[in-house]
Amino acid sequence: MKEPQTLRIHDTLTDTLQPVLPADGKRVGFYCCGPTVYASAHIGNFRTFIVQDVFRRVLELSGTPVKHVRNITNVDDKTIKASQDQGQSLNEFTAYWTEKFHADCAAMNLLGPQIEPGAVEHIAEQIEMIRVLMEKGHAYRAEDGSVYFRVESFPQYGRLSKVSERELTTTTTARSEDEYDRDSLADFALWKAAKPEDGDNFWESPWGSGRPGWHLECSAMSTKYLGPGFDVHSGGIDLTFPHHENEIAQSEACTGETFARLWLHVVHLMVDGRKMSKSLGNMYTLDDLKAKGFLPAEVRYGLIAGHYRKHLNFTLPGLEAARPNLQRLARLDRQLHEAAGHPKLPKYAALCKRDNNPDALGRFAPAFASLLDNLNVPKALGETFRAAGELEKQPAAATEADYFGLRVLLEALGLELPPVEVEEAPEEIRALAEARLQARADKDFAKSDELRDEILALGWRVKDVKGGYELEPA
RNA sequence: GGCGUGGUGGCAGAGUGGUCUAAUGCGCGGGAUUGCAAAUCCCGUAUUUCGUCGGUUCGAAUCCGACCCACGCCUCCA
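Now for the packing of aromatic side chains. Inspection of every chain in the model, using the stated rule, returns 12 aromatic pairs. Each ring, one from Phe 30 and one from Phe 55, has its centre 4.7 Å from the other, and the planes form 45 degrees; the classification is tilted. You can see Phe 30 sitting in strand S3 (residues 28-32) and its partner Phe 55 sitting in helix H1 (residues 43-61), a full 25 residues away along the chain. When sorted by exposure, Phe 30 lands in the same class as Phe 55, which is buried. Between Phe 46 and Phe 49, the ring centres sit 6.2 Å apart and the planes meet at 75 degrees, which makes this aromatic pair edge-to-face. Taken together, the residues Phe 46 and Phe 49, both in helix H1 and three residues apart, mark about one turn of the helix. With respect to burial, Phe 46 and Phe 49 carry one shared label: buried. Through successive ring pairs, a cluster of aromatic residues spans Tyr 31, Phe 230, Phe 259 and Trp 263.

What follows concerns a negative patch on the surface. A cluster of acidic residues, Glu 428, Asp 442, Asp 444, Glu 450, Asp 453 and Glu 454, forms a negative patch at the surface. Ranked by residues supplied to the negative patch, first place goes to helix H17 (residues 445-457) with three residues. Along the chain, the position of Glu 450 falls in helix H17. We classify Glu 450 as exposed; its relative accessible area is 53%.

Here we take up the packing of helix H13 (residues 365-372) against helix H14 (residues 377-393). If you want to describe how two helices pack, look at the angle between their axes and the distance between the axes. The geometry of H13 relative to H14 is characterised by a closest axis approach of 8 Å and an angle of 180 degrees between their N-to-C directions. If you check the angle between H13 and H14, you find them roughly antiparallel. The segment H13 lies against H14, with Pro 366, Ala 367, Ser 370 and Leu 371 engaging Val 377, Lys 379, Ala 380, Glu 383 and Thr 384. Of the residues assigned to the contact of H13 with H14, the class counts are five nonpolar, two polar and two charged.

Strand order in the open sheet formed by four strands is S5-S6-S7-S8, and the pairing between neighbours is antiparallel. Since the sheet does not close on itself, it has two edges, and those belong to strand S5 (139-141) and strand S8 (210-212), each with one partner. The average angle at which neighbouring strand axes cross in this sheet is 20 degrees, direction not considered. Where strand S7 (residues 188-193) and S8 come together, three bridges link them in antiparallel fashion. The residue bridging Lys 192 from the neighbouring strand is Arg 211, located in S8. In this fold helix H4 (residues 123-135) packs onto S5, strand S6 (147-149), S7 and S8, with an angle of close to 120 degrees to the strand it touches most, S7.

Here we come to the pairing of S7. For S7, the buried fraction is high: six of the six residues fall into the buried class. Where S6 meets S7, three bridges bridge the pair, whose relative direction is antiparallel. Residue Tyr 148 lies in a different strand from S7, and its bridge partner there is Ala 189.

Quick look at helix H11 (residues 322-339) now. Each α-helix winds once per 3.6 residues, and so residues spaced three or four apart point in a common direction. With 18 residues, H11 extends 25 Å between its outermost C-alpha atoms, agreeing within 8% with the 26 Å of an ideal straight helix rising 1.5 Å per residue. Within H11, burial applies to Ala 322, Leu 326, Leu 329, Ala 330, Leu 332, Asp 333 and Leu 336. On its buried face, H11 sits against helix H9 (296-304), helix H10 (316-319), H14 and helix H15 (400-413). Positive backbone phi, approximately 85 degrees, marks Gly 341, located one or two places after H11.

Reading the values: rules and limits
- Note that residues are indexed from 1 along each chain, following the sequence as it is written.
- As they are written, the chains are lettered A onward and the ligands numbered 1 onward, keeping that order.
- A pLDDT threshold of at least 70 governs which residues receive local features in this predicted model, and a stricter bar of 80 or more applies before side-chain atom pairs are shown or counted, although totals over entire chains, interfaces and linings include all residues.
- Only hydrogens and water are removed before side-chain values are computed, so all heavy atoms of the structure are retained for them.
- To pair, rings of Phe, Tyr and Trp, with the six-membered ring standing in for Trp, must have centres within 6.5 Å; the planes then decide the type, stacked if under 30 degrees apart, edge-to-face if over 60, and tilted in the middle.
- Helical segments are the DSSP runs of H or I of at least four residues, strand segments are the runs of E of at least two, and each set is numbered from the N terminus.
- Burial classification: accessible surface area is computed with a 1.4 Å probe over protein chains only, and a residue below 20% of its type maximum counts as buried, one above 50% as exposed, and the rest as partly exposed.
- Distance thresholds for patches are 9 Å for like charges and 5 Å for nonpolar side chains (Val, Leu, Ile, Met, Phe, Trp, Tyr), applied to residues having over 30% relative accessible area and no salt bridge.
- Exposure was quantified through the Shrake-Rupley algorithm and a 1.4 Å probe, taking into account, for residues, occlusion by the shown protein chains and nothing else.
- Think of a salt bridge as a Lys or Arg side-chain nitrogen and an Asp or Glu carboxyl oxygen that are within 4 Å of each other.
- Residues scored as charged are limited to Lys and Arg (positive) and Asp and Glu (negative), so that His and the chain ends carry no count.
- Think of each charge as sitting on NZ of Lys, CZ of Arg, CG of Asp or CD of Glu.
- Think of each axis as a best-fit line through the C-alpha atoms, taken over the contacting stretch in the case of a helix, with angles from 0 to 180 degrees between the N-to-C directions.
- Throughout this description, any angle smaller than 35 degrees is read as roughly parallel, any larger than 145 degrees as roughly antiparallel, any in the 65 to 115 degree range as roughly perpendicular, and the remainder as oblique.
- Residue contacts are defined here by distance: any two heavy atoms, one from each residue, within 4.5 Å place the two residues in contact.
- In this count, Pro and Cys sit with the nonpolar residues alongside Ala, Val, Leu, Ile, Met, Phe, Trp and Tyr, while Asp, Glu, Lys and Arg are called charged and the others, Gly among them, polar.
- Two strands are said to pair when DSSP picks up at least two bridges between them.
- Between the first and last residue of a helix there are one fewer steps than residues, each counted as 1.5 Å, and that sum is the expected span.

Right, dumping it as structure tokens:
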């Protein structure tokens, strides 16, 4: 028996590698900043969500349950504006895009968070937080009815992003004048007074009608579902400042307790060596890539192929590597399944309950160990293929532990393998294939090749195997 | 301007003092197999080389310095 293994990740706050352990000794409270639902999420968004998904899977597979909360931002400037442009109510509009987001997540095999709170559904909690902040002197109401957090009332401000308040004020001052009326340009909105262009998208509060500021929803909802202090908070690297900095300030000023203990930030994705942006036309959604013939599982593979702390250069030719890799893993999976005596396919939940110590993972123990080491997915993939190479050369050496090891690893990465069973071809295609088999038996190769082309034209590829053929969609 | 990250083979991407003549994948080249293919399998594929120039060290892709280059955040963009 080896020692139990603990996942360690890089923590932004301390800039060190930290073990991920539940403070309550039971399960890790994990909060992720979710999408703003006004359009399809793009692959950059998904890189972050998928890394968070892998993080959760690795924890659960190493024996630590996770309480995963991810919010839905369903009220802000963009959602309000876009819903009005569509002539829809805010609820109707955001419900549509929330559903679309869920569909994309499911296609790429993301585990759903146990709790997925929406900002609109938590207005009361947010108002309550503002009330406490006002009471404690950390917030003030401006003339227009907006409420701001007073940054200078929170001396620790800037710890996460390493921005000193002085720099912050200087840089902010250099900007154009703000439309709101706050005491210091570093201050940020907790409550935004209703404006005419918001239409009927406003709520009543003790400070007048309006809506909560963006940062506040994450503070209010994480506190509600995970408590004032919780284990891990995650998001894209760009959220470090100001979003997460502001969350810390308002939460800690309000509750007096340490907010998140660890901060997991995912570095941005690059496309063709450049930042993804609409103007460059390189802002892909899952649908865009599906239209180009890629499968969601391949997109997922492509998005985890780089370490989360480094820029990942996403390219279409690069994505093509996913298919042969997944197919190879599928063959290996089948081979090991057979070698293990055709056990029942272990479900994710069952694998989480299993003791996945290195001895139990066979040749895939180094791959899983790489994941525990700051989620080093590229290293894990390398170790996986190294093990695969050994097993392919010596199939007889395969053990049951190898099979379970591969299963654990694939589940940790959330990779769904392409089906290996031959898809049932239509009668018409089968008849052509039979005719071709006969032609080959008759050594009439001209006719045989003709039939092969005909089958291909109908969307199927025929492969010759010993004494017969196989058909697969082309 | 401030803060920060990174520059490794055709591409992607591990490796952070010696086991690196640098993992792994894709691609590419050769071979086996095949009537020819496809699929599959096997072999090879950076030949003191890891942006450049110096330095530290018995020893550096890995540490230090300078420089060049790319990129990110500082804008309610993951």
